[in-house]
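A structural walkthrough
Here is what each chain is made of, one letter per residue.
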Amino acid sequence: GVGSAPAAPPPLPSAAAFYAGINGQQQGPYAMSTLQNMARQGSLTRATMVWKQGMSGWAAAESVPELATLFASMPPPLPQ
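Conventions we followed
- Residues numbered from 1 in each chain as written.
- Predicted model: local features only at pLDDT ≥ 70, side-chain atom pairs only at ≥ 80, totals over all residues.
- Heavy atoms only, no water.
- Salt bridge = Lys/Arg side-chain N within 4 Å of Asp/Glu carboxyl O.
- Helix = DSSP H or I, 4+ residues; strand = E, 2+ residues; numbered from the N terminus.
- Phe/Tyr/Trp six-rings, centres within 6.5 Å; stacked < 30°, edge-to-face > 60°.
- Buried < 20%, exposed > 50% of the residue type's maximum accessible area, 1.4 Å probe, protein only.

**Regarding the pattern of salt bridges**
- Considering all chains together, one arrives at 2 salt bridges under this definition.
- Note that Arg46 is salt-bridged to Glu62, the shortest N-O span being 3.9 Å. One end of the pair, Arg46, is in the loop between α1 (32-41) and β3 (49-51); the other, Glu62, is in the loop between β4 (59-60) and α2 (65-71), with 16 residues separating them in the sequence.
- Note that Lys52 and Glu66 form a salt bridge whose closest N and O atoms lie 2.5 Å from each other. Placement of Lys52 in the loop between β3 and β4 and of Glu66 in helix α2 is noted, with a sequence separation of 14 residues between them.

Listed below in structure tokens is the structure:
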């Protein structure tokens, strides 16, 4: 196949898809842009458990370097 379609480039690392534990349900995978919107709307919080391929287990969103930046411009939650 000389006339075959060119191989697709590998996806950008920034396109990492995360699963999120929301309302006790595993949801996703979500792209970073979607997670950004979710953080703005408040459905994704610092404490939301997330996972993506390559992580050893679920972790709080604020402890994942890629996601911590989503909360950088947001104030921390009010103390109870």
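**Things to note about the packing of aromatic side chains**
- Using the criterion set out here, one finds 1 aromatic pair in the structure.
- Relative to Trp51, the ring of Tyr19 lies with its centre 5.9 Å away and its plane at 40°, an arrangement referred to as tilted. Taken together, the residues Tyr19 in strand β1 (residues 18-22) and Trp51 in strand β3 connect sequence positions 32 residues apart.
- Residue classification places Tyr19 among the partly exposed residues on the basis of a relative accessible area of 25%.

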